[in-house]
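One-letter residues, chain by chain:
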Amino acid sequence: MTRLSDGHLEKVTSWGEAVSGMSYVYRPSTVDALQDILMLARRSGRTVGFRGGGNSYGDAAINSENMLVDLRRLKRILEWNPATGRIRVEPGVTLAELWQYVIEDGWWPPVATGTSMTTIGGSAAMNVHGKNAYRVGPLGEHILEFDLMLPSGEVITCNREENQDVFHAAIGGFGMLGIFISLTLQMKRIYSGLLDVATEPKASLGEMFTFFHEYAADSDYIVGWIDSMARGNALGRGDVHRANYLPPGADPQPAQTLRLENQHIGPNLFGVVPRSIIWLFMRPFLRKSGVQLTNWGKYLTDNLGGAKRYRQPHVQFHFLLDYVPDFKKAYQPIGLIQYQPFIPKETAHDAFAEILSLCQRRDLPNFLTVLKRHRPDDFLMSYAVDGFSMAMDFRITRENRQRLIWLTREMDEIVLAAGGRFYFAKDSTLRAEAAEAFLSPERIAQFRALKARCDPDGLLATDLWRRLFER
């Protein structure tokens, strides 16, 4: 049995830095090198996991005591057709590299996450969504085709006609069926580098939901921020942002607004404070009193200003997490977890109200709460519902770590009772029985059968796979 070099042994952490593991990390730059790594894994008796931009909050891209393949050097644009918006890329291409490549031709990624640092391969493996999920679904709905390298080294082409069962399982299959070595996507035609944005404060969770119901059909994007500390009749108050693409002719200078230099988020806040150090100023506010003050100040400012309407570059609207580079450092020394349940529209309001109240009763405030609308999709391991999601960031300390685990157990029960689902890109606490409850034993059995066909020797694994599915 081949012994792996200690020179490849590294500590790998989740994006939130709360989960970590030691792995033998390899960074291939060619498909041939990727095949060699799979052969090495067989000779060494180790399993292989895959990592893109490292933006998963939990253990989806960690493979403790085994091999981990960092795919970021596989980052070529393989084909681009500016007439049709069809593009083929390697898996390590980031969302930032993608939008920068296509925008000046009048195209935009159909789905944009809150950060532009995600890779397309990782985004496909997790089937990520954006603020327009209720209209266009997750990223997988815009993937036309991909080439998948199986653990044997064989490459198969998958689309909605050829190998369609693998197509619908590998997208959202968190890297357990094979490795994306190329992906073909359909971009979205745009006629301006600007979006028409409107914001409004809402006094309660009920008002937030009413706004989503009233404006979803007429908005290309909607997202809500919630004050997690508000109580009583103000429970769930916050503000909502909705945006629409500009139609042809609405922008008098589209060639200018579509230029790269008019899209980037600048390096300084207000032209003075470097964004790279803003996380230092956040640290004093990441405690209960600080969250209360920050949320109250934000809501008061939004409420005093009332409804607003303005035009904003695509990049500034979408990539809010990139405004403060490395903001996760503010949560050190232990880090943060995110909890994001997806709940059907019929039960979402009451379930989210119960979750917000529970967090307050347990004295475990979440520091950022985001509401989104979703629709179902046809992917095998789907998290999506015809309903809503609520993402919540929790800071971990030595004093609250165990209490947070208990809190997630309680929230799991609320979500499952409401017919909800969970998102593996964000999860770090789910139990195997909860995963089985929301996916169903039949769906998991179908995925296991596909994994046995694509990976008969069980070469592919991650900490997430072992935690939830390896029994």
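For the structure given in this document, a descriptive report is provided here. All chains use their own residue numbering, which begins from 1 and follows the written sequence. Since the coordinates come from a predicted model, pLDDT governs what is reported: local features require at least 70, and pairs of side-chain atoms require 80 or more to be given and counted, while whole-chain, interface and lining totals use all residues. Side-chain figures throughout are based on the complete set of non-hydrogen atoms in the structure, without hydrogens or water.

Here we come to the sheet that holds strand S1 (residues 9-13). Here, strands pair whenever DSSP counts at least two bridges between them. Per the convention used, a helix needs a DSSP run of H or I reaching at least four residues, while a strand needs a run of E reaching at least two, with both numbered from the N terminus. Across the sheet, four strands lie side by side as S1-S2-S4-S3; this open sheet has mixed pairing. Two strands bound the open sheet, and with one partner strand each, they are S1 and strand S3 (48-51). In this sheet, neighbouring strand axes are inclined to one another by 50° on average, regardless of whether the strands run parallel or antiparallel. Looking at chain direction, S1 and strand S2 (residues 20-26) are connected through five bridges and run antiparallel. The residue bridging Lys11 from the neighbouring strand is Met22, located in S2. Throughout, an axis means a line fitted to C-alpha atoms (over the contacting stretch in the case of helices), and angles, computed between N-to-C directions, take values from 0 to 180 degrees.

A few words on the layout of surface pockets. A 1.4 Å probe that fits but cannot get out identifies a cavity on a 1 Å grid over protein atoms alone, an open set with protein on both sides within 12 Å along at least five of seven lines counts as a pocket, and a residue lines either if it has an atom within 4 Å of a point. Grid points are joined across faces, edges and corners, and a volume is the space filled by probe spheres set on the points. For the second largest pocket, the calculated volume is near 220 Å³. Pro365, Phe367, Arg395, Thr397 and Asn400 are the residues nearest the centre of the second largest pocket, which is lined by 14 residues in total. When residues of the lining of the second largest pocket are traced back to their parent elements, those giving at least two are strand S21 (387-395) and helix H12 (401-417).

What follows deals with empty space enclosed by the protein. Per the counting criterion, the structure on display carries six cavities of 30 Å³ or more. If you add up the space inside the largest cavity, you get close to 100 Å³. Lining of the largest cavity is provided by Ile337, Gln338, Tyr339, Gln340, Asp412, Phe422, Tyr423, Lys426, Asp427, Ser428, Thr429 and Leu430. Per-element tally for the lining of the largest cavity: the top contributor is strand S18 (residues 336-339), with three residues.

Generally speaking, soluble globular proteins have nonpolar side chains that are buried together. Residues enter a nonpolar core if they are buried and are Ala, Val, Leu, Ile, Met, Phe, Trp, Tyr or Cys, with the set joined through side-chain atoms within 4.5 Å. Accessibility here uses a 1.4 Å probe with only protein chains present; expressed as a share of the type maximum, an area under 20% marks a residue as buried, one over 50% as exposed, and anything in between as partly exposed. Residues Phe146, Phe174, Phe352, Phe424 and Phe469 are the most contacted members of the largest nonpolar core, which totals 136 residues. The dominant element in this core, judged by the number of residues it contributes, is helix H11 (residues 345-361), at eight residues. Not counting chain neighbours up to four residues away, the residues in contact with Phe469 comprise Phe174, Met381, Phe424, Leu439, Ile444, Arg448 and Leu464. Counting 13 residues, the second-largest nonpolar core is a separate cluster that includes Leu286, Val291, Tyr331 and Phe367. For this analysis, residues touch if any pair of their heavy atoms sits within 4.5 Å.

Below, the discussion takes up the packing of aromatic side chains. Aromatic pairs are defined between Phe, Tyr and Trp rings, using the six-membered ring for Trp, whenever the two ring centres lie within 6.5 Å; interplanar angles under 30 degrees are classed as stacked, those over 60 as edge-to-face, and all others as tilted. A full pass over the atoms with the stated rule returns 27 aromatic pairs. Judged by centre distance (4.8 Å) and plane angle (55°), the rings of Phe342 and Tyr383 are tilted. A residue pair is termed long-range when its members are at least 10 positions apart, and Phe342 in strand S19 (residues 341-344) and Tyr383 in the loop between strand S20 (368-373) and S21 qualify at 41 residues. One aromatic cluster in this structure is built from Phe174, Tyr339, Phe422, Phe424, Phe438, Phe447, Trp465 and Phe469. A cation sits over an aromatic face here: Lys451 above Trp465, 5.1 Å from the ring centre. Here, over-ring charges are defined by two tests on the NZ atom of lysine or the CZ atom of arginine: distance to the ring centre within 6 Å, and angle to the ring normal within 35 degrees.

For the peptide bond that leads from Gln332 to Pro333, omega is 15°, which places it in the cis range. Inspection of the secondary structure assignment puts Pro333 in the loop between helix H10 (314-318) and S18. A positive phi is found at Glu17, a non-glycine position, where the angle reads about 70°. Tracing the chain through its elements places Glu17 in the loop between S1 and S2.

The length a helix should cover is 1.5 Å for every residue beyond the first. The end-to-end C-alpha distance of helix H9 (residues 288-305) is 26 Å, a good match for the 26 Å that 18 residues give at a rise of 1.5 Å each. Along H9, the positions that sit buried rather than exposed are Gly290, Val291, Asn295, Tyr299 and Asp302. Around the axis of H9, the buried residues are gathered within 150° of arc, so they sit on the same side. Exposed and facing more than 90 degrees away from the buried side of H9 are Leu293, Thr301 and Leu304. Note that the arc is computed from the directions linking the helix axis to the C-beta atoms.

It is worth stressing that arrangement in space is one thing and function is another; only the former is reported here.
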